[in-house]
Amino acid sequence: MTHRAEGWLIRHAARIVVLTEALRRELCGALPDRSDNILVIPCCVDTDRFRPDALARAKRRAEIGVGEGTRLVAFAGGISRYDLPATARLIAQLRRRGDARLLLVTRDDPGSLLCALGEAGCGQAVHVVSATPDEVPGWLAAADLAVSLLRDCRSSIAASPTKVAEALAAGLPTVISQNVAENNGLLGAGILVMPPGDAGPHSCAEAVQALLREPAAAQADARAAAVRHFSLLQVGIARYRTLYEQFS
């Protein structure tokens, strides 16, 4: 019944807003006569609230006892939809190349990710933080890199992870899964795509090493990607304003 109702709404709505380019393409293929009325507005971020912050970085790193010589990888938000074994293997590969630790900022039960990290041999290389929404920007500022590897499943065609937008806005180069990159058109500086398969974590860790040799440039590229793809003002509000003006 839900599926039939959804189909009726899609066929009769004056405008349709979706989160990804991939879902728009699919709907346009099914409803070619409606293609001009299907718009992409991804999950956006307030780039004034999420931004690089040297003071917050120093404060939060001191709280968890992590010095500047340690590469801190942020995973923030919900856990359930993500490829935890691949995340753990990436952390393990990064640790083979230097001192790297995972900063897990979540209110979910961390057990499943901690288990995956243990199986990958890096169960002690994690700091778990339960933060309020207001505290999340400061914790992200403490990191050097972010990871957001969504599982490859049918629903990912419609997924625009907010955690990717937030990490990029905080100036963190972000590792994302290939399905999210392709579905959202996220290819470019500041974004690293994890190749599928067993070799993915190894090749991705190599790319991270190369990227972070110039941390200031990597931070600037990540920030620019957030503004280009996910700015609340320049993307989200601007596109909704254009949409609403069509009915005024």
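Whatever comes next refers back to the structure up there.
It should be emphasised that the depicted structure is a prediction, and the values quoted were computed from it without experimental measurement.

Novice: It is not clear to me how the sheet that holds strand 4 (residues 100-105) should be interpreted in this structure. Could you clarify?
Specialist: The strands making up a sheet associate through hydrogen bonds between their backbones, and the pairing can be parallel or antiparallel. With respect to topology, six strands assemble into an open sheet ordered 5-4-3-6-7-8, the strand pairing being parallel. Strand pairing shows two members of the sheet lacking a second neighbour, strand 5 (126-129) and strand 8 (191-194), which therefore form its edges. When the angles between neighbouring strand axes are averaged without regard to direction, this sheet yields 25°. With four bridges joining them, strand 4 and strand 5 adopt parallel strand pairing.

Novice: It is not clear to me how the packing of aromatic side chains should be interpreted in this structure. Could you clarify?
Specialist: Each aromatic ring pair is summarised here by two numbers: the centre-to-centre distance and the angle between the ring planes. As enumerated under the stated definition, the model contains two aromatic pairs in all. Here Phe75 and Tyr82 contribute two aromatic rings whose centre-to-centre distance is 5.7 Å and whose plane-to-plane angle is 80°, an arrangement assigned as edge-to-face. For the pair Phe75 and Tyr82, one class covers both residues: buried. Here Lys163 stacks its cationic end above the ring of Tyr82, 3.8 Å away from the centre of that ring.

Novice: Explanation requested: the packing of helix 4 (residues 84-95) against helix 5 (residues 111-119) in the structure shown.
Specialist: Between helix 4 and helix 5, whose axes approach to 8 Å, the crossing angle comes to 45°. Considering their axes alone, helix 4 and helix 5 lie oblique with respect to each other. As for how helix 4 packs across helix 5, the hand of that crossing is right-handed. For the pair helix 4 and helix 5, the contacting residues are Leu84, Pro85, Thr87, Ala88 and Ile91 in the first and Ser112, Leu113, Ala116 and Leu117 in the second. In the contact of helix 4 with helix 5, the residues fall into seven nonpolar, two polar and no charged.

Thresholds applied
Each residue is numbered by its place in its chain's sequence as written, counting from 1. Only residues with pLDDT of 70 or above have their local features reported here, since the model is predicted, and side-chain atom pairs are shown and tallied only from 80 upward, although totals for entire chains, interfaces and linings are computed over all residues. Side-chain metrics in this entry use all non-hydrogen atoms of the structure; hydrogen atoms and water are not considered. Pairs of strands are assigned from DSSP output, requiring at least two bridges between the strands. In this text, helices come from DSSP runs of H or I with a minimum length of four residues, and strands from runs of E with a minimum of two, each type numbered from the N-terminal end. Working convention: axes come from line fits to C-alpha atoms, limited for helices to the stretch in contact. Angles between N-to-C directions cover 0 to 180 degrees. Classification of ring pairs uses Phe, Tyr and Trp, with its six-membered ring standing for Trp, and accepts pairs whose centres are within 6.5 Å; under 30 degrees between planes counts as stacked, over 60 as edge-to-face, and the remaining range as tilted. A simple rule labels every residue: compare its accessible area, found with a 1.4 Å probe on the protein chains alone, to the largest value its type can have, and call it buried under 20%, exposed over 50%, or partly exposed in between. Throughout this description, the term charge over a ring refers to an Arg CZ or Lys NZ atom that lies within 6 Å of the ring centre and within 35 degrees of the ring normal. Any angle from 65 to 115 degrees is called roughly perpendicular, while one under 35 is roughly parallel, one over 145 is roughly antiparallel, and all others are oblique. Each crossing gets its handedness from the near helix: less than a right angle anticlockwise from the far helix is left-handed, clockwise is right-handed. The criterion used for residue contact is that any of the two residues' heavy atoms lie within 4.5 Å. Any residue that is not Ala, Val, Leu, Ile, Met, Phe, Trp, Tyr, Cys, Pro, Asp, Glu, Lys or Arg is counted as polar, Gly included; the first ten are nonpolar and the last four charged.

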